Amino acid sequence: MGGLTWRPMTEADLDGVVAVAAGAFPDHPEDRACFANRLALHPAGCKVLADARGGVAGYLVAYPWRADDAPALNTLLPGLPEAPEAYYLHDLALTPTARGGGHAAAGVDLAVQAARDAGLSTVTLTAVNGAAPFWVRQGFAPRHSPAMAAKLAGYGADAVYMIRTV
Ligand SMILES: CC(C)(COP(=O)(O)OP(=O)(O)OC[C@H]1O[C@@H](n2cnc3c(N)ncnc32)[C@H](O)[C@@H]1OP(=O)(O)O)[C@@H](O)C(=O)NCCC(=O)NCCS
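An unreviewed UniProt entry lists the protein chain under the name GCN5-related N-acetyltransferase, with Brevundimonas abyssalis TAR-001 as the source organism.

Colleague: What am I meant to see in the sheet that holds strand S4 (residues 86-94) here?
Modeller: Taken together, 7 strands build an open sheet; the order of strands is S1-S2-S3-S4-S5-S7-S6 and the sheet is mixed. One side of each edge strand has no neighbouring strand; the edge strands of this open sheet are strand S1 (5-8) and strand S6 (141-142). Sheet topology places strand S3 (residues 56-65) next to S4; 8 bridges connect them, and they run antiparallel. When the bridges of S4 are listed, Val61 appears paired with Asp91. Here helix H2 (residues 32-41) sits on the sheet in contact with strand S2 (46-50), S3 and S4, set at roughly 60° to S3. Where helix H3 (residues 103-117) meets the sheet, its contacts fall on S1, S2, S3, S4, strand S5 (122-127) and strand S7 (160-165), and the angle it forms with S4 comes to roughly 160°.

Colleague: Explanation requested: the site of the ligand in the structure shown.
Modeller: The local shell around the ligand holds 22 residues, among which Leu94, Gly100, Gly102, Ala105 and Asn129 are the closest. Arg99 is positioned such that a nitrogen or oxygen atom in its side chain is 3.3 Å from an oxygen atom of the ligand. Gly101 has a polar backbone atom sitting 3.4 Å from an oxygen atom of the ligand. Here the ligand has 910 Å² of accessible area as a free molecule, and 68% of this is covered by the chains. Those elements giving two or more residues to the shell around the ligand turn out to be S4, H3, S5 and helix H4 (132-137). The greatest single-element share of the shell around the ligand, amounting to 4 residues, is contributed by H4. When the residues that make up the shell around the ligand are grouped by side-chain class, the tally is 13 nonpolar, 7 polar and 2 charged.

Colleague: How should I be thinking about the UniProt feature "domain: N-acetyltransferase" (unreviewed entry) in the protein chain in this particular structure?
Modeller: Annotation from UniProt places "domain: N-acetyltransferase" (unreviewed entry) at residues 4-166. Structurally, residues 4-166 comprises 31% helix and 26% strand, and the distance from its first C-alpha atom to its last is 26 Å.

What counts as what
- Residues numbered from 1 in each chain as written.
- Predicted model: local features only at pLDDT ≥ 70, side-chain atom pairs only at ≥ 80, totals over all residues.
- Heavy atoms only, no water.
- Pairing = 2+ DSSP bridges.
- Helix = DSSP H or I, 4+ residues; strand = E, 2+ residues; numbered from the N terminus.
- Contact = heavy atoms within 4.5 Å.
- Axes fitted to C-alpha atoms, helices over the stretch in contact; angles between N-to-C directions.
- Near = heavy atom within 4 Å.
- Polar contact = N/O pair within 3.5 Å; in protein donor to acceptor, adjacent residues only side chain to side chain.
- Areas by Shrake-Rupley, 256 points an atom, 1.4 Å probe, with all protein chains shown as cover.
- Nonpolar A, V, L, I, M, F, W, Y, C, P; charged D, E, K, R; others polar.
- UniProt positions renumbered as here; feature names shortened; annotations may be inferred.

Now the structure itself:
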């Protein structure tokens, strides 16, 4: 699918973001307020893949966070850690027609750059949907941490906590 470009997310994109998320993560629904919360807390880590008409064909949400930790799904954060240790990639999702063109890999590059800009040297995420092989292709490796075991349960049986040094 041509004509797709990554750009900063704005509040006007939130309905489109929610629609892409609902299609991409049917087993892990998150409310519009959750995305609005992340956008308000850390706009530098929120991007959309816009189509030629400005519509949302994909999105990326990431923010500074603690090491060996992942926020519970569909929760509002009162704030970000004062001393973050990692850049947490909360979501990366594309509509089915936008996939397969390298745009997701380009989104990962943007998250990596945002992590560096935030002064953080690791990017972490929780892989779901059987996406761990995609993340390995993007330089991530599974990280087994006792602290994460209980939190991962809330993400489903196939969830894998992963880390990449940047
Ligand atoms: C995961 C997702 C973002 C990948 O998007 P995509 O458009 O297929 O990715 P790209 O075209 O940028 O692919 C980049 C590379 O990853 C590879 N890749 C893509 N999906 C893969 C998968 N499931 N397993 C292994 N490799 C994969 C591509 O072949 C490509 O390899 P190359 O660099 O050798 O050409 C997309 O499938 C999606 O939105 N899925 C639903 C949401 C989701 O599961 N997100 C991740 C949850 S943690």
